[in-house]
Amino acid sequence: MKQIGNYLTIAIDGPAGSGKSTVARLVAEKLGLLYLDSGAMYRAVTVLAIQNEVETNIPKLIELVKTCHIEFKDNGKKILLNSDDVSVQIRTPEVNNLVADIAKVPEIRHEIVRHQRKIGEEGSIIAEGRDLTTIVFPCADFKFYLDASVKERAKRRFAELQTQNVDTTLESVEAEIRARDEKDMSREHSPLQAAKDAIHIDTTGKTIDEVVDLIVAKIGSRH
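Residues numbered from 1 in each chain as written. Predicted model: local features only at pLDDT ≥ 70, side-chain atom pairs only at ≥ 80, totals over all residues. Heavy atoms only, no water.

Asker: Let's hear about unusual backbone geometry: which residues, and what values?
Answerer: One non-glycine residue, N82, lies in positive phi territory at about 50 degrees. With respect to the helices and strands, N82 occurs in the loop between β4 (78-81) and β5 (84-85). Relative accessible area serves as the criterion here: at 37%, N82 is assigned to the partly exposed category. Positive phi is not limited to glycine here, since N165 has a value of about 60 degrees. By the secondary structure assignment, N165 is in the loop between α7 (150-163) and α8 (170-186). Its relative accessible area of 72% is what places N165 among the exposed residues. (Helix = DSSP H or I, 4+ residues; strand = E, 2+ residues; numbered from the N terminus. Buried < 20%, exposed > 50% of the residue type's maximum accessible area, 1.4 Å probe, protein only.)

Asker: Can you lay out the sheet that holds β4 for me, pointing to particular residues and giving the numbers?
Answerer: Pairing is antiparallel in the open sheet, where 3 strands are placed in the order β3-β4-β5. Among the strands making up the open sheet, the edge pair consists of β3 (70-73) and β5. Sheet analysis places β4 next to β5, joined by 2 bridges and oriented antiparallel. Looking across to β5, one finds that L80 is bridged to D85. (Pairing = 2+ DSSP bridges.)

Asker: Describe the pairing of strand β6 (residues 125-129), and please don't skip the residues or the numbers.
Answerer: Consecutive side chains along a regular strand alternate between the two faces of the sheet. Of all 5 residues making up β6, 5 are buried, and the element is well covered by its neighbours. Where strand β1 (residues 9-13) meets β6, 5 bridges bridge the pair, whose relative direction is parallel. What sits directly across from I12, in β6, is E128. Strand direction decides the pairing type here: strand β2 (residues 34-37) and β6, joined by 4 bridges, are parallel. Each residue of the ladder has a partner; that of L36, found in β6, is A127.

Asker: Kindly report on α7, identifying the contributing residues and their values.
Answerer: Taking 1.5 Å per residue, 14 residues should reach 20 Å; α7 reaches 20 Å between its end C-alpha atoms and fits that length. Looking at α7, one finds that the buried residues are V150, R153, A154, R157, F158 and L161. An end-on view of α7 places all buried positions within 135 degrees of arc, on one side of the element. Away from its buried face by more than 90 degrees, α7 exposes K155 and T163. Looking at the packing, one finds that the buried side of α7 touches α2 (38-51), α4 (93-103), β7 (142-147) and α8. (Expected span 1.5 Å × (residues − 1). Arc of directions from axis to C-beta. Contact = heavy atoms within 4.5 Å.)

As structure tokens, then:
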């Protein structure tokens with residue numbers, strides 16, 4: 001939403017592995033904003049589905065989503081699902097394979113978007129995901145779209161999974177990212193796409209600090 005009073009809304013979209021999560025978290029730290037990781041919220045819902053064995057029972061999952069509590073701690077580094085830390089579980093291959101199908105369910109997206117907008121109404125935030133600039137906060141004060149080559153994004157995700165001792169291969173991660181891109185961009189409801197007024201940033205070959213500094217500079221020049 002547009003800035004209300006002293007509230008500022010910054011929205012970042014982009015495909016998996018584009019660096020938007022790390023960048024958004026660091027920008028939040030530099031500017032003193034609340035960091036909202038929308039993708040982690042859908043991943044937490046996917047964990048909820050797995051825990052309750054309702055991956056294919058969408059009506060039951062929708063009911064669970066309506067009553068679950070998702071919370072961010074430590075500037076977005078920890079995500080709690082009904083008070084349980086699921087920060088590691090949300091990044092597993094099992095969740096990677098399921099999250100796109102669960103995230104495309106309109107009723108689930110409606111519940112998550114409602115919660116995200118409520119958070120945005122309560123203070124200044126930087127939010128990142130796949131439909132933040134187009135659906136959730138279409139009138140955000142600043143919009144960015146981050147992207148990178150598939151191979152670059154696969155390398156980043158593979159390195160991240162290795163630090164978590166997840167057993168996978170680079171080829172497998174690249175295939176998952178290509179499949180995820182296809183699902184995200186072709187889904188009927190809230191497909192991944194760049195808002196017409198979003199600032200595009202290709203992060204291929206750029207360090208995280210370079211991207212963070214670029215975004216902070218663009219915000220500073222206009223705000």
